Amino acid sequence: MAKKDYAAIASDIVKVSGGAENIANATHCMTRLRLQLKDGSKLNKDEAKKIPGVLNLVIQNGEYQFVIGQDVPSVYEEITKIDGIKAGGSVEDAEAAKQDTQPQKGSKMEAVMSFIGGTFSPVIPVLVAGGLTGAVLTVLTAFFGVSSSDGVYQVFYCLNQATFWFLPIFIGFSAANRLKSNGYLGAFLGAVLLFYTMNFSGAAEPVSLTFIGIPVASVTYNSTVFPIILGVLFMSLIYRWLQKVMPVYLRTIFVPLITMLITVPVTLIVLGPIGNTVGTWLANGVLAIYRAVPALAVAIIGAFTPWLVFFGMNNATYPIVFELLAEVNSDPLICTGMAPANVAVGGACLAAALIEKKAEDESVAIGAGITALCGITEPGVYGVLFTKKFPLVGAMIGGGIGGAIAGAFGFTQYVISTPGFISIPAYINPDGTMTNMIGMIVVMVIAVVVAFAATYLLGKRELSKQGN
C-alpha cells in the first residue's frame, strides 16, 4: 500500500476550497476533515471528490466535510501548517458566521438531525472511554475477583460514572459551539442543571422550589440530553441577540450575566421538564416498537445503518441510546443493530477487494474493510459501498440478517461504545454471564459471512454483465 502524501492532500483540499483565505475554520472528527467556508460557492465540488485520499464530500448546514478515513488527523495536521487557516477556532467574519448558522435548503428535520449529530460527534471519545470502562469493571469483578470496595475498582468506577453524570456539561459545551455561541456558557448551563439535581431534585427528599411564585419541577438532569439541548438552543438565541444589541464595551460583563440570568430560570421551569418528557416519550415509543416486533426492529437498524452513515445521521441516534440506557439499563435496539451492520460493511468491503481489478481500489477496500470490522464505517461507506453499489446491497443483507437474529434472541449492548468486534466487552452482562456476549459475537460473524458472500456473488454477476 503506497504511503499517502498528506501534505499534497491538504494542499489540494485548500485549493478546491477557494484558497486559505476562504477557509474560516478547520476541525476534524474520527474520519472527516470539517471546514467552514466564508463563501461556499468558491468550492469546486467535482474536483474535491477527485482528490486522491478523499473518499467523498458531504455538505451539512454550512459545514464542508471531506471524508478521509482514520488517518484524517494527519491531513488536519498539514492543514494547520498553512498560513491563514484558523484551526478549531471560531468564525470571526460576521457574515460568514450568519451564513453558517442558517440551515441549507432542505427539510427542517434534516437540519435538526444534522445539529444533533454534530453535537454528539465531538463527545464520542468521552462516551466510548467512559462506556467501555463499565465493561472493564464487569471483567474485573467477574473474572479477576476484584471487590467493588477495592481501590482499583473505585478509581475506574469514578471514571465510568463521571462520563454519564456530567454528560449535560459535555453536551452543553458541544451544542453551544455547534450553534456558534459560547461553549463555556453551554457547559455552565449543564453544570447548573447538575447542581440543581444534586441539591434539590436528586436529594433524598426532593426540595420544593418556586421562582417568583412559579413552581420549579423536580427533574433529575444527570445522564439526560434533551433538557440541556433545549436549554442551549434558547441560550444561544439570547446570547447572540445580546451580542448584537449590547455596546462593545459592555459585552464582556453583561452579555454572559444577562444570558444566564434569563436562560437558567426558563430552562429549569419550562425547557428542562419539556425535554425530560420528550425523552421519556421517545424511549417508551421506541421500546414499544421493539417489544412488538424485536426481530424486525433490529433488522431495520442493521440493514439501513450504512444509509444513516452516508447521510451523516448515525450520531443523531445517541439521544435514543441514552434514553434506552436510562429506561432498561442497556440498548437492545440501536447499538445492537449497528454492530452487525458495521461489521457487515467490513465483510462487503473485503469481498469487493477480492474481485477488484484495480490495485488502488483494492487497497482502499481492504483498508476500509478492516476499519469497518472495528466499528468505523465511513471509509467503507463512502469509498466502496456507494461507489460500487453491489457492496451496499451485500452489506444491507448481512446487517439485516444479523440484526434480525440479535432481535429474535434479545441480545443487547450494555455500555456506550462504537459497535463492532473491537467493543466485544460492551456485550458482557453486568452479572458476569457470557451468553449475551457470545451471542453477539456469533451474530457479527454471521453478518460478516453473509455480507461477504452476498457481495462476492453480486459482484461476480455484475462483472459478467459487463463482459469481464
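Residues numbered from 1 in each chain as written. Predicted model: local features only at pLDDT ≥ 70, side-chain atom pairs only at ≥ 80, totals over all residues. Heavy atoms only, no water.

Caption draft 1: A look at the packing of helix H12 (residues 294-310) against helix H16 (residues 378-388). Contact pair H12 / H16: the axes reach a minimum separation of 9 Å and the direction vectors enclose 100 degrees. With respect to their mutual orientation, H12 and H16 come out roughly perpendicular. From H12, Pro306, Trp307, Val309 and Phe310 reach across to H16, where they touch Glu378, Val381, Tyr382, Leu385 and Phe386. (Axes fitted to C-alpha atoms, helices over the stretch in contact; angles between N-to-C directions. Helix = DSSP H or I, 4+ residues; strand = E, 2+ residues; numbered from the N terminus. Parallel < 35°, antiparallel > 145°, perpendicular 65-115°, else oblique. Contact = heavy atoms within 4.5 Å.)

Caption draft 2: Representation of the sheet that holds strand E2 (residues 32-37) within the structure. With antiparallel pairing, the four strands of this open sheet are ordered in space as E1-E2-E4-E3. With one partner strand each, in any of the chains shown, strand E1 (23-28) and strand E3 (56-60) form the two edges of the open sheet. Each strand of the sheet is rotated relative to its neighbour by a mean of 20 degrees, with strand direction disregarded. Alignment of E2 against strand E4 (residues 63-67), held across five bridges, turns out to be antiparallel. (Pairing = 2+ DSSP bridges.)

Caption draft 3: Fine view of the nonpolar core. By size, the foremost hydrophobic cluster in this structure holds 68 residues, and its most contacted members are Phe120, Leu127, Ile171, Phe322, Leu333, Ile334 and Ile416. If one sorts the elements of this core by residue count, helix H10 (residues 226-245) sits on top with eight residues. Those residues in contact with Leu333, other than ones at most four positions away along the chain, are Val286, Tyr290, Ala297, Val298, Ile301 and Leu324. Listed in part, the 24 residues of the second largest apolar core include Ala10, Ile13, Ile23 and Ala26. (Core = buried A, V, L, I, M, F, W, Y, C linked by side-chain atoms within 4.5 Å. Buried < 20%, exposed > 50% of the residue type's maximum accessible area, 1.4 Å probe, protein only.)

Caption draft 4: Structural view of the packing of aromatic side chains. Throughout the structure, instances matching the rule amount to 12 aromatic pairs. An angle of 15 degrees between the planes, with centres 6.0 Å apart, marks the rings of Tyr153 and Tyr157 as stacked. Separated by four residues within a single helix, Tyr153 and Tyr157 lie in helix H7 (residues 151-165), roughly one turn from each other. Plain terms: the ring middles of Trp307 and Phe386 are 5.0 Å apart, the flat faces sit at 85 degrees to each other, and that makes the pair edge-to-face. (Phe/Tyr/Trp six-rings, centres within 6.5 Å; stacked < 30°, edge-to-face > 60°.)

Caption draft 5: Expanded view of a nonpolar patch on the surface. The grouping of Ile289, Val293, Leu296, Ile300, Phe304, Trp307 and Phe311 at the surface amounts to a nonpolar patch, some 650 Å² of accessible area in total. Residue contributions to the nonpolar patch peak at four residues, all from H12. Its location among the elements puts Ile300 in helix H12. (Patch = residues over 30% accessible without salt bridge, like charges linked within 9 Å, V, L, I, M, F, W, Y side chains within 5 Å. Areas by Shrake-Rupley, 256 points an atom, 1.4 Å probe, with all protein chains shown as cover. Salt bridge = Lys/Arg side-chain N within 4 Å of Asp/Glu carboxyl O.)

Caption draft 6: The arrangement of the environment of Thr305 in detail. Its location among the elements puts Thr305 in helix H12. Looking at Thr305, the relative accessible area reads 2%, which means it is buried. Between the C-alpha atoms of Thr305 and Ser11, which are 294 residues apart in sequence, the distance is 33 Å. Residues contacting Thr305, with those up to four places away along its chain left out, are Met338, Ala341 and Asn342.

Caption draft 7: Representation of the environment of Val136 within the structure. Here Val136 is to be found in helix H6 (residues 124-143). Each C-alpha atom, one on Val136 and one on Pro425, is 7.4 Å from the other, the two residues being 289 residues apart in sequence.

Caption draft 8: A look at unusual backbone geometry. Located in the positive-phi region is Ile212, a residue other than glycine, with phi close to 45 degrees. Inspection of the secondary structure puts Ile212 in the loop between strand E5 (209-211) and strand E6 (214-216). The class of Ile212 is exposed, set by a relative accessible area of 73%. Backbone geometry places Lys389, a non-glycine residue, at a positive phi of 75 degrees. Its location among the elements puts Lys389 in the loop between H16 and helix H17 (390-409). On the accessibility criterion, Lys389 (48% relative accessible area) is partly exposed.

Caption draft 9: Focus on helix H15 (residues 359-373). Relative to the 21 Å expected for 15 residues at 1.5 Å per residue, H15 spans 21 Å between its end C-alpha atoms, a close match to the ideal helical length. Considered for burial, the residues of H15 that qualify are Ala365, Ala368, Gly369, Thr371, Ala372 and Leu373. Where H15 is buried, its residues meet helix H14 (334-355), H16 and helix H18 (435-465). Phi for Gly375, located one or two positions after H15, is positive at around 115 degrees. (Expected span 1.5 Å × (residues − 1).)

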